[in-house]
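What follows is each chain in one-letter form.
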Amino acid sequence: MDQLGIMLAVLGAALAAGFAGSGSAIGVGIAGEAGAGIMTEDPGKFGLVLLLQALPGTQGIYGLLTAFFAILKVGLLGGAAVPVNVWQGLGVLFACLPIAIAGYYSGIAQGKTSAACIQMIAKRPEETGKAVILPAMVETYAVLALLMSIILLNSIQF
Amino acid sequence: MAVGKVRKLRLISHHEVVEHVVAVLQELECCEIIGREDGGGSDPDIYDPSGRSKAKSPLDLESGLSDIRFLLRFLEPLYRNESSPLERMLGPKPSATFSELSLLHTQTDLPEITTKARKLERKLAEARSEMAQIANQTLLLKSIRSFSHPMWIISRGTEKVMGVMGTLSVDQIDLFREEFEKIVSGQGELFIAEYLEKQAETHAVLIFSRSHESQVIEMASQQGFSKMECPHGLESTPGKEIERLESRREDLFAEVAEAEARSLEMAQEWIPSIRKLNDFLLITTARRDTLVSGYSTEKVSILRFWVPSASLDQVEKALKPFEGLIDLQDEKPEPGDDPPIVLDNPGWAVPFSPLTKLYGMPSYNGIDPTVLMAPFFFLFFGMCLGDGGYGLVMGAFFLYALLRYNMSGDKKNFFVLLLLGSISTIFVGAITGSWLGDMVDAFDIFSFVRPIKDSVVLLRPMNDPITFLAISLALGVVQILFGIMIAMWDAFRKGDMVGALGDQGGWLALIVGILFWGGAAFDIGGQTALVAGKSLVALGALTLILTQGRDKPGFVRKAVSGVLSLYNVTSYLGDVLSYSRLLALGLATSAIAMIVNTLTGLVSGIPYVGWLLAVLVFFGGHLFSVVVNVLGAFIHSLRLQYVEFFSKFYSGGGRIFSPLRFDTKYTRITGPGLKE
């Protein structure tokens, strides 16, 4: 039983990295499909397309970040061993949920927006600035979730 | 703050000098031509009443440009240039004078080059298509290689005998042979190509007397035989035909190689000139379009254009030599006019002007938000990136690029903007103690700089995120209140007192009141703050209730709209919370950097190759991190300007000033715009 706390924290880290990463993977995939379609017409757009395709990738990074924070918190990344009881482990698990959930869904939504914006720059390459801002609107909610996860992780006392 | 003033001018010039005048205006690059309301342009007589420049008739220009487009499309991908891609992207374009280009234009026989290139292109296309055809035919012939009769039996046949080729299901072969024999009764031949055990279908050739044609064809289609057309030109037996095609293919191969080599040569020889000619024709076309855009009488042409007030002297000075043959007049702007927008910013804010252009230019009577936004963007970018090490890396890169390549225009502005961003990043990194994350603390070799690093640290967001969050939200409140005040000032300026006091004043009082009230709840400011807060809230809310329904008819609807408008307080709350991204992104940068450092520490423990892996992880990881975070910091600090700040006072809708200029793609024109 004395390991349960730490394992709950590990579950939290796994969910954060896993779900946010999946969301990003799907999002980047959706945007990439649209990008490949555009590049069959105009391979010269590679740079712009790559930029827009990369935008839904941040959720994965946020998930990874939270996961690292979580396992750092319970002393799995070197340093002195931290005794973690079940309640603290549950706390870490719950703290990981905002970015796990919001990261997954916002990654997909942002991928769709990016794909639409890739279509937009195919027709109007001069509007790249606006095309970059629209997917960033979606990312806001991943940023807020990341913020909450970090604040929650930070507030759990050991 | 306000956009630059522009003047509307009318220039009447004698036909004799009009071409020179347009060339001078183009060289000045500060006059935006106003086209004729009826469109103009379709009447070539207006352009050249004296018939002097036949060489540049619209048709010549168009065909020249279309030739050049073809040449660039065909030859440019083959052109090898020694300069690096970065150099070509950032560096200055090669310079040339207009007379040089003009001379080049007369000396170059563009139609001849084009004909040559078109021939080469056609040759290549034909050879490649024939090679594809040969590949298909060879494939087919190989499948019936053991067929011993010449192919003409199938393609032509004789008077009495004909052949049909096709595919047949392997299971059907025996049955098919039986049926076939029944019809032809010895006077025909069935050839079945060899097949492997796994194959479901094989090729077959039927040879039979023409008198049996209809019977055989009917039987064959019933038995699942599908006919194939025999390619034309195949005469001899498959074996010999394969040999013939093979040798033809080799010839074609040589032909293609030769044509490719010649195209390559042509590209090396002509692309630099073609690029220059492209620019020359673009310049001339712009001039011609300008000439036909004006009205014209028997003796004079009338051009109308916008000039920024600041450049007026310059225009007058440049037109001095034509005195007597021209007349420059001020024209009164009419209500329907759509003056172009010139951003007129002080030097320090100019690098930020691409951000305004990105959103959309302000309207002519509107506010230019560049100066107002610049300090916030500067600070927010630094907070979002928030790492001294990354700031240094990024600053070094952009400084190098600026010094190395002689950039101009918005490209330069953008690079300077990011350089400024790196300065604020270094500053924020220093006071939060983040240098490539926790690098200084993580690796003992940096222990000697630890005291220096720690001496300037004011705040550690990793340990105390709430304070940093409070700072972020406070900055949000400041920027939003600032935005409301700008809108208020703008309304005053336009004489809209009710709007200024009702819309903006009401919200200002309400929000400041809420802040005081909230402050008092946390024991800041004491009783005075509480009273002040409550009264401001009451004043603000009352103002809003009284004014926000003023467009609605009837007392009840006015009152309902007024009360409902208070609900908008949630949108202000949302706006302020949105600034929490300053903390989140700043933390993310430090944390990703910290992860890279931790991983570096972990892999360095691996025996033998640990040091190599550590170096790879450290540099690769931080490089990735700096790219991702710079992108994120830029986008998100921009978003705060566009969505949270601009929405308070700014509406775009202006038209960017696009003067008649040397709008070239490959060359930079220096010197006068006329032939010397």
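Scoring rules and cut-offs
- Residues numbered from 1 in each chain as written.
- Chains lettered and ligands numbered in written order.
- Predicted model: local features only at pLDDT ≥ 70, side-chain atom pairs only at ≥ 80, totals over all residues.
- Heavy atoms only, no water.
- Helix = DSSP H or I, 4+ residues; strand = E, 2+ residues; numbered from the N terminus.
- Contact = heavy atoms within 4.5 Å.
- Areas by Shrake-Rupley, 256 points an atom, 1.4 Å probe, with all protein chains shown as cover.
- Lys, Arg positive; Asp, Glu negative; His and termini not counted.
- Charge placed at Lys NZ, Arg CZ, Asp CG, Glu CD.
- Rg over C-alpha atoms; globule rule 2.2 N^0.38 Å.
- Buried < 20%, exposed > 50% of the residue type's maximum accessible area, 1.4 Å probe, protein only.
- 1 Å grid on protein atoms, 1.4 Å probe; cavity = no way out; pocket = protein on both sides within 12 Å on 5 of 7 lines; lining within 4 Å.
- Points joined across faces, edges and corners; volume = space filled by probe spheres on them.
- Nonpolar A, V, L, I, M, F, W, Y, C, P; charged D, E, K, R; others polar.
- Pairing = 2+ DSSP bridges.
- Phe/Tyr/Trp six-rings, centres within 6.5 Å; stacked < 30°, edge-to-face > 60°.
- Lys NZ or Arg CZ within 6 Å of the ring centre and 35° of its normal.
- Axes fitted to C-alpha atoms, helices over the stretch in contact; angles between N-to-C directions.
- Domains from an automatic or database assignment.
- Salt bridge = Lys/Arg side-chain N within 4 Å of Asp/Glu carboxyl O.
- Core = buried A, V, L, I, M, F, W, Y, C linked by side-chain atoms within 4.5 Å.

Asks: How would you sum up the overall build of chain A? Please name residues and give values.
Replies: Helices and strands together make up the secondary structure of chain A, namely five helices and zero strands. In chain A, the succession of α and β elements from N to C terminus is α-α-α-α-α. Seen through its principal axes, chain A has C-alpha atoms that stretch 60 × 25 × 20 Å. Put simply, 87% of the contacts in chain A that link residues at least 6 apart link residues at least 24 apart. On chain A, roughly 6,900 Å² of surface is accessible, and the fraction owed to carbon and sulfur atoms is 70%. On chain A, the mean spot of the 6 positive side-chain charges and the mean spot of the 7 negative ones are 7 Å from each other.

Asks: Account for the overall build of chain B, naming residues and giving values.
Replies: When helices and strands are counted, chain B shows 24 helices and eleven strands. Over its C-alpha trace chain B gives a radius of gyration of 39 Å, far above what one expects of a compact globule, namely 26 Å for 676 residues. Along the first, second and third principal axes, the C-alpha set of chain B runs to 120 × 85 × 70 Å. In chain B, which comprises 676 residues, the share counted as buried stands at 47%.

Asks: So what's going on with empty space enclosed by the protein? Which residues, and what values?
Replies: Within the structure shown, the criterion is met by four cavities of 30 Å³ or more. Of the pockets and cavities examined, the largest cavity occupies roughly 70 Å³. For the largest cavity, the full set of lining residues is T58, I61 and Y62 of chain A together with C384, L585, A588, T589, V628, N629, G632 and A633 of chain B. The set of elements that each furnish at least two residues to the lining of the largest cavity consists of α3 (58-73) of chain A together with α23 (581-603) and α24 (610-649) of chain B. For the lining of the largest cavity, the element with the most residues is α24 of chain B, which contributes four residues. Within the lining of the largest cavity, the residues separate by chemical class into seven nonpolar, four polar and no charged.

Asks: Provide a residue-level description of the pairing of strand β6 (residues 201-209) of chain B, including the pertinent values.
Replies: All names here are of chain B. Where burial is concerned, most of β6 is hidden: eight out of the nine residues are buried. As paired elements, strand β5 (residues 188-192) and β6 share five bridges and run antiparallel to each other. Its bridge partner lying in β6, G188 is registered against F208.

Asks: Outline the packing of aromatic side chains, supporting the account with residue identities and numerical values.
Replies: Residues and elements named next belong to chain B. Tallied over the entire structure, the rule returns 30 aromatic pairs over all chains. For the ring pair F618 and F619, a centre distance of 5.4 Å and an interplane angle of 90° mean the geometry is edge-to-face. Connected via pairs of aromatic rings, a cluster forms that spans Y359, F376, F380, F482, Y579, Y642, F645, F646, F649 and Y650. The lysine or arginine in question, R118, covers the ring of F70, its NZ or CZ lying 4.2 Å from the ring centre. Between the NZ or CZ atom of R287 and the centre of the ring of F98, over which it lies, the distance is 4.3 Å.

Asks: Describe in detail the sheet that holds strand β4 (residues 161-169) of chain B, supporting the description with residues and values.
Replies: Residues and elements named next belong to chain B. With antiparallel pairing, the four strands of this open sheet are ordered in space as β5-β6-β4-β7. Only two strands of the sheet have a single partner each, and these edge strands are β5 and β7 (226-228). Put simply, the sheet's adjacent strands are angled 30° from each other on average, direction ignored. Note that β4 and β7 share three bridges and pair antiparallel. Of the residues in β7, the one forming a bridge with T167 is S226.

Asks: How would you sum up the domain arrangement of chain B? Please name residues and give values.
Replies: Partitioning chain B into domains gives domain 1 (6-109 + 259-331), domain 2 (149-236) and domain 3 (347-653). The straight-line distance from the C-alpha centre of domain 1 of chain B to that of domain 2 of chain B is 68 Å.

Asks: Outline the pattern of salt bridges, listing residues and values.
Replies: All names here are of chain B. Inspection of the entire model under this criterion finds 33 salt bridges over all chains. One salt bridge connects R244 with E241, and the closest N-O pair in it is separated by 2.9 Å. Of this pair, R244 and E241 both sit in helix α10 (residues 238-293), three residues apart, roughly one helical turn. With its nearest N and O atoms 3.3 Å apart, the salt bridge here joins E258 to R262. Pair noted here: E258 and R262 are both in helix α10, with a separation of four residues, about one helical turn. On the accessibility criterion, E258 (40% relative accessible area) is partly exposed.

Asks: So, the side chain of S13 of chain B: which residues are in play, and what are the values?
Replies: Checked against the element boundaries, S13 of chain B lands in strand β1 (residues 6-14). Judged by relative accessible area, S13 of chain B falls into the buried class, the value being 0%.

Asks: Account for the nonpolar core, with residues named and values stated.
Replies: Residue and element names in this part refer to chain B. Membership of the largest hydrophobic core comes to 118 residues, with the highest contact counts inside it found for L355, F377, F381, F634 and F649. Looking at which element gives the most residues to this core, the answer is α24, with 13 residues. When neighbours within four sequence positions are excluded, F649 is seen to be in contact with I367, P369, L372, G483, I486 and A487.

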